[in-house]
Protein chains: 2
Amino acid sequence: MAGPVQSIERAAAILRLLAGGPGRLGLGEVAASLGLAKGTTHGILRTLQSVDFVEQDEATGKYQLGAALLHLGTSYLDVNELRSRSINWTDALAARSGEAVRLGVPLEGKVLIVHHVFRPDDTFQTLDVGSLLPLHASALGKVLLAYGAAPLEPLVEGEPEAYTRHTIVSSQRLNRALAETRDAGWAAAVQEMIMGEADIAAPIRGQGGLVVGAVGVSGPVERICDSKGHPHTSLVGLTRNAARAISRDLGAARW
Amino acid sequence: MAGPVQSIERAAAILRLLAGGPGRLGLGEVAASLGLAKGTTHGILRTLQSVDFVEQDEATGKYQLGAALLHLGTSYLDVNELRSRSINWTDALAARSGEAVRLGVPLEGKVLIVHHVFRPDDTFQTLDVGSLLPLHASALGKVLLAYGAAPLEPLVEGEPEAYTRHTIVSSQRLNRALAETRDAGWAAAVQEMIMGEADIAAPIRGQGGLVVGAVGVSGPVERICDSKGHPHTSLVGLTRNAARAISRDLGAARW
DNA sequence: AATAGCGGTCGGCATTACCGAACGCTTTGG
DNA sequence: CCAAAGCGTTCGGTAATGCCGACCGCTATT
């Protein structure tokens, strides 16, 4: 097994860094963050600039992500089989549940939203496609963790971030929640990431039965949960049915 | 001027190839398309896979774009100053004109849509953000060409593609259209890309007065144009005003 | 059952990209 | 107003780096 190409790894690290940071970064900051020499970093950035993966602000000389990435990102959506197969089912789930539907896959210790159907009523909503959710504070993430689609280790080693007072931060409680998820076949997160918001999710399996993603509904806690703070069983049923339908479409015969 | 990093250039070429093709590509096809040895191509692909820029289909071994690109693409939108400064103006333009509004920047001999406001009525529309339009068959593209924001040479050398019978394919007629655009300060494309569709666009200038993008309205030809096939002057006025407002926001003092 | 085509691997060579110091330039502080 | 620190950028030497092409095992064809 030959080694990976370092310059590409470094280029990818730079792009991730630019995506993670708030906005533009200077050459020095990039070099320092990755522990590289300024000259090396400059060469990589110049190359990335020549292929439109990064842009440089004329005035300040700082670097930011480039336009070519936007086209690559939407091209990814076009070829993503999980997304294309699920569109019919997610539309139906949104219509029947009356809630927003989101589809997530694991990426770099987070949940990447690859599809988002707005809640049928016409309230203002922002498109979540392309955003990253935390694994431990979302129903989508818990499902991916529970079924091994996303690695658990990084979370139990470093203390996970507490977004609200309901966020699960102890690895003991997290493990219990994941066991319950495996037991029940679905997960919920009630005000664990944003106060007032809740979501329910169920696993999607591909060929061979491996969990490759998760689908779920999300919305204000008073719509998702009953008076005791438990998710409505009807929403849970609709979500699980949608997840099973998508799995079947993907070729997961029984499950 | 030191040379750019070849492995990164090649990696970018592979990603562009995967984005351009219909879907998955095999290792051999990629290697042949780029004129590289299979071993070299495999090394790059393996590296891109390790950073989630490409994924490999377990069953067939073919490669496709990876999930990380989606997040990078949306992160680009978040930091794009042209887009963020124009949002208020494009919303207003859509509301006043009653038509869909799109914002484009040049990318690789095409127009990349970086923002899209749906037509206010609730007809079904697909989000164009991230798509590429041809320079010579869209109003957005003609504006970018006319003001030097996109290079003209590749188009006049190779015969441009004819999408409909109204598409401008002769470089003579294209040059005349661009001269008229510069003269008038706006451009239109009526059924030049898709029969029944038309759009109007005007240039957006950044600091220093250079054209950095274009904004325009688009829709069915019977809504955009009058009975003689000319764009409604009211829509032209609204579009040019919006473009001027965005330019001012970007720091283009007078123009 | 034979074979052509696929993705993947491995070793040797030389090209490759890395590093660190030096250069203008702008911006900050005195 | 000048000094000086910080920025992005350039440049040459070096050895480590990734490239190449032949080889392997497998699948799917004929």
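The rules we used
Residue indices follow the written sequence of each chain, beginning from 1 at its first position. Chain letters and ligand numbers both follow the written order, the letters beginning at A and the numbers at 1. Given that the model is predicted, a residue must reach a pLDDT of at least 70 before its local features are reported, and side-chain atom pairs must reach 80 or more before they are shown or counted; all residues, however, enter totals for whole chains, interfaces and linings. Only hydrogens and water are set aside; all other atoms, that is, all heavy atoms of the structure, feed into the side-chain values. Criterion used throughout: strands pair if DSSP finds at least two bridges between them. Only DSSP runs of H or I covering at least 4 residues are called helices, and only runs of E covering at least 2 are called strands; the numbering of each starts at the N terminus. Helix axes use the C-alpha atoms of the stretch in contact, all axes being lines fitted to C-alpha atoms, and the angles between their N-to-C directions lie in the range 0 to 180 degrees. Throughout, a residue-residue contact means that at least one pair of heavy atoms, one from each residue, lies within 4.5 Å. An angle below 35 degrees is read as roughly parallel, one above 145 as roughly antiparallel, one from 65 to 115 as roughly perpendicular, and any other as oblique. Helix crossings fall into two classes, left-handed where the near helix is turned counterclockwise from the far one by less than a right angle and right-handed where it is turned clockwise. Note on residue classes: Ala, Val, Leu, Ile, Met, Phe, Trp, Tyr, Cys and Pro are nonpolar, Asp, Glu, Lys and Arg are charged, and everything else, Gly too, is polar. Buried area counts how much accessible surface, traced with a 1.4 Å probe, disappears from two parts once they are put together, with both parts' losses summed. Salt-bridge detection follows one rule: a side-chain nitrogen of Lys or Arg within 4 Å of a carboxyl oxygen of Asp or Glu. Each polar contact in these results corresponds to two N or O atoms within 3.5 Å; when the atoms are within protein, one needs to be able to donate a hydrogen and the other to accept it, and residues that are neighboring in sequence are counted only if both atoms are side-chain atoms. UniProt positions are given in the numbering used here, feature names are shortened, and annotations may be inferred rather than shown by experiment. Among buried residues, those of type Ala, Val, Leu, Ile, Met, Phe, Trp, Tyr and Cys that are joined through side-chain atoms within 4.5 Å constitute a nonpolar core. When a residue's accessible area, from a 1.4 Å probe over protein chains only, is under 20% of the maximum for its type it is buried; when over 50% it is exposed; and in between it is partly exposed. To superpose the copies, least squares is applied to the C-alpha atoms of every residue with a pLDDT of at least 70 in both.

Visitor: What am I meant to see in the sheet that holds strand S6 (residues 187–190) of chain B here?
Guide: Neighbouring strands of a sheet are bound in pairs by backbone hydrogen bonds; such pairs are parallel or else antiparallel. Taken in spatial order, the six strands make up an open sheet running S5-S4-S3-S8-S7-S6 (chain B), and their pairing is antiparallel. Taken across any chain shown, the strands that pair with only one partner, and hence form the sheet edges, are strand S5 (132–134) and S6 of chain B. Between one strand and the next, the sheet's axes are offset by a mean angle of 35 degrees, whatever the strand orientation. When strand S3 (residues 100–107) of chain B meets strand S4 (residues 110–117) of chain B, the two strands line up antiparallel, connected through seven bridges. Within S4 of chain B, the position partnered with proline 106 of chain B by the bridge is valine 111 of chain B. Sheet strands touched by helix H4 (residues 68–79) of chain A: S3, S4 and S5 of chain B. Its angle to S4 of chain B, the strand with the most contacts, is close to 75 degrees. Against the sheet, helix H10 (residues 233–250) of chain B makes contact with S3, strand S7 (197–205) and strand S8 (211–220) of chain B, and its axis sits at roughly 30 degrees relative to S7 of chain B, the strand it touches most.

Visitor: Please clarify how the packing of helix H1 (residues 6–20) of chain A against helix H4 (residues 68–79) of chain B should be interpreted in this entry.
Guide: At a closest axis distance of 9 Å, the pairing of H1 of chain A and H4 of chain B adopts a crossing angle of 45 degrees. The orientation of H1 of chain A relative to H4 of chain B falls into the category oblique. Seen along the crossing, H1 of chain A lies across H4 of chain B with a hand that is left-handed. For the pair formed by H1 of chain A and H4 of chain B, the contact residues are Leu15, Arg16 and Ala19 of chain A on the first element and His71, Leu72 and Ser75 of chain B on the second. In terms of residue class, the contact of H1 of chain A with H4 of chain B is built from three nonpolar, two polar and one charged.

Visitor: Any chance you could explain the interface of chain A and chain B here in plain terms?
Guide: A common measure of how large an interface is: the accessible area buried when the components associate. Contacts between chain A and chain B engage 51 residues on the former and 51 residues on the latter. Together chain A and chain B conceal approximately 4100 Å² of surface at their shared face, both sides included; 71% is due to carbon and sulfur atoms. If you sort the residues of chain A by the area they bury against chain B, Ile8, Leu70 and Tyr76 of chain A come out on top, with a joint share of 16%. The interface formed by chain A and chain B contains two salt bridges. Arginine 24 of chain A serves as the salt-bridge partner of glutamate 81 of chain B, at 3.8 Å between the closest nitrogen and oxygen. Across the chain A-chain B interface, the total number found is five residue pairs in polar contact (both at pLDDT 80 or more). Of all the secondary structure elements, the ones that give two or more residues to the side of chain A that touches chain B are H1, helix H3 (38–50), strand S2 (63–65), H4 and strand S4 (110–117) of chain A. The dominant element in the side of chain A that touches chain B, judged by the number of residues it contributes, is H4 of chain A, at 11 residues. Residue composition of the side of chain A that touches chain B, grouped by class: 29 nonpolar, 13 polar and nine charged.

Visitor: Looking at this structure, how should I read the UniProt feature "domain: HTH iclR-type" (unreviewed entry) in chain A?
Guide: The residues that UniProt annotates with the feature "domain: HTH iclR-type" (unreviewed entry) are residues 5–67 of chain A. Taken end to end, residues 5–67 of chain A comprises 57% helix and 10% strand; its first and last C-alpha atoms sit 24 Å apart.

Visitor: Hey, could you run me through the nonpolar core in this one?
Guide: As a rule of thumb, soluble globular proteins bury nonpolar side chains together. Within the largest apolar cluster, 100 residues are counted, with the highest numbers of intra-cluster contacts made by Leu15, Leu48 and Phe53 of chain A together with Leu15, Leu48 and Phe53 of chain B. Those residues within four positions of leucine 15 of chain B in sequence are excluded, and the remaining contacts are Phe53 and Leu72 of chain A together with Leu48, Phe53, Val54, Leu65 and Leu69 of chain B.

Visitor: Can you walk me through the relation of the copies chain A and chain B in this structure?
Guide: Think of it as a corkscrew move, a rotation about one axis and a shift along it, taking one chain copy to the other. At an RMSD of 0.1 Å, chain A and chain B line up after a rotation of 180 degrees and a shift of 0.0 Å along the axis. The two molecules are tied by a two-fold rotation axis, judged by turn and shift. Across chain A, the rotation axis passes nearest the C-alpha of glycine 73 of chain A, at a separation of 2.5 Å. Both copies contact each other with a shared surface, as 100% of the interface residues of chain A are interface residues in chain B too.

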